[in-house]
Amino acid sequence: MHPLRTLVIELYDKQVIQVGSFKLKSGITSPIYIDLRVTISYPSLLRQVVACLQDICRSLSYDILCGVPYTALPFATLLSVENSVPMVMRRKEVKDYGTKKAIEGVFQPNQTCLIIEDLITSGSSVLETLEPLVKEGLVVKDVVVLLDREQGGKDNLRKHNIQLHSVLKMTDILEILKDSGRLSADKVAELFEYFHSTQVSSNSSIPSGMASHNLSFEQRLSMIRNKVGRRLLEIVLKKQSNLAVAADVTTSQELLSIASQVGPHICVLKTHVDIIEDWNETVCEQLVHLAKSHQFLIFEDRKFADIGNTVELQFTGGIFHISQWADIVNAHIIAGPGTIQALRKASEHCGILLLAQMSSKGNLAVEEYTQKAIQFAKQYEDAVFGFISMGCIGEPNFIYFTPGVKLEKGGDSLGQQYTDPKTVIGIQKSDIAIVGRGIIHASDRKEAALTYQKACWDAYVQRIGK
Ligand code: 5BU
């Protein structure tokens, strides 16, 4: 029998691969569960795994090996011994300790390091290992993985100029399990459908430059340069809420009523002031008063996009005088840094978010654009404290806001695409979930806000492993 076929059947028979209904760490339910940690309990199985990895490693050139902790560590160790190639280890702990190194072992800058991983989904664990290796001056070109779930990992690594080599792909496994009679054709068709529908799309996948941090809001507080950003994190921590509500209603009465209903459960109220038909100064004062008493920030989703001079006028003047009451505004980067400079010049009390990605179908904020937004944010870090993005796309000193969040996935008829809170906060590692119609259209908005507050906070707590 072909060695890969033997391997898959053995992985299934030893219950490394299980089919059923499993709640993953991320909170998502999956019909298949793969726990490669089990392989260390079966030396002959472990030997087969390593032999298959070895077949790929043979064709690559490298000076040093590094396994992604923890499951791939024994694989890397055995490969290291087998090939007499030295190994290094990445520490998994967050780097808040004094002198301890991020990478253990002896190595020289510019040596080529081959990463070994057991299973890859989006590629985020590999990127977490990649970052400290690269920081230490090692060169990483290839990753060898036992199993590719084919859910975006290969593309994400390619964006970092890293090539993924896999022993097995999910499709191979399902075919082998079907052919060997372990799974019925119907079951395999159902699993194919699941993997097809849960593909990490290029929009919702974590783009290159994706952060590998897993820091808590407490740890990040002192890293945020802008004071509105810091104030936001203080509110988030105090209220245990990383929920922002998009109050997309057209009358001031409804806006104020939403603010008082959801106020206790949110960290941010997002407005589109230009859709309120009876906006006036008194409404503005009442809204600011509610924000103070319930402790939330007001985010005017104005999406400034013009040349600096016009933006300054739009921000400070007109009938809305946004700069006088908004704590947060956002801006497109299409017109260049002048937009940011104008906002920064006009108000030092207002923090800026840059649009790095959007939630709507077919939007043009793709990879290169996202990277430009990150570049601008770094340049104006005193004023820009975060992004509108589909997840974490950068470093922990920025805050990531994601719109298009709803407990029920799907979309609307005009291109909005929804992702659920667990995916947005837990998997895509965003910080603040923006929920509009999921709450605004609920029969009991207060109760809906509480439900979303809990869902978003639980996803955050799970993510940082508290
Ligand atoms: P919804 O009702 O949850 O679909 O409302 C989403 C809100 O977020 C709405 O106010 C939009 O204007 C806003 N939004 C968005 O949906 N997608 C984006 O990419 C950006 C803003 Br930027």
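What counts, and where the lines are drawn
- Residues numbered from 1 in each chain as written.
- Predicted model: local features only at pLDDT ≥ 70, side-chain atom pairs only at ≥ 80, totals over all residues.
- Heavy atoms only, no water.
- Salt bridge = Lys/Arg side-chain N within 4 Å of Asp/Glu carboxyl O.
- Helix = DSSP H or I, 4+ residues; strand = E, 2+ residues; numbered from the N terminus.
- Buried < 20%, exposed > 50% of the residue type's maximum accessible area, 1.4 Å probe, protein only.
- UniProt positions renumbered as here; feature names shortened; annotations may be inferred.
- Contact = heavy atoms within 4.5 Å.
- Polar contact = N/O pair within 3.5 Å; in protein donor to acceptor, adjacent residues only side chain to side chain.

Looking at an unreviewed UniProt entry, the protein carries the name Uridine 5'-monophosphate synthase, with the source organism given as Galdieria yellowstonensis.

**Q** Where do I start with the pattern of salt bridges in this structure?
**A** Side chains that differ in charge, positive against negative, can pair when their charged atoms come close. Under the definition given, this model contains 22 salt bridges. Close ionic contact of Glu-312 with Lys-345 constitutes a salt bridge, the shortest N to O distance being 3.1 Å. Separated by 33 residues along the polypeptide, Glu-312 in helix α12 (residues 308-316) and Lys-345 in helix α14 (residues 338-346) bring together distant segments of the chain. Accessibility expressed as a relative area gives 23% for Glu-312, which makes it partly exposed. Here Arg-463 makes a salt bridge to Asp-431, at a shortest N to O gap of 3.3 Å. Taken together, the residues Arg-463 in helix α18 (residues 445-464) and Asp-431 in the loop between α16 (421-427) and β18 (432-435) connect sequence positions 32 residues apart. You'll find Arg-463 and Asp-431 in the same group, each marked buried. Three or more residues joined by partner-sharing salt bridges are found here, namely Arg-220, Asp-431 and Arg-463.

**Q** In this structure, what is going on with the UniProt feature "binding site: substrate" (unreviewed entry) in the protein? I would like to understand it.
**A** As annotated in UniProt, the feature "binding site: substrate" (unreviewed entry) corresponds to Asp-248, Lys-270, Ser-359, Gln-416, Gly-436 and Arg-437 in the numbering used here. With respect to the element layout, Asp-248 can be found in the loop between β9 (243-246) and α10 (252-262). Not counting residues up to four positions away in its chain, the partners in contact with Asp-248 are Lys-270, His-272 and Ile-275. Summarising the element assignment, Ser-359 is placed in the loop between β13 (351-355) and α15 (367-379). Here the side chain of Ser-359 touches Gln-416 through a polar contact of 2.6 Å, side chain to side chain.

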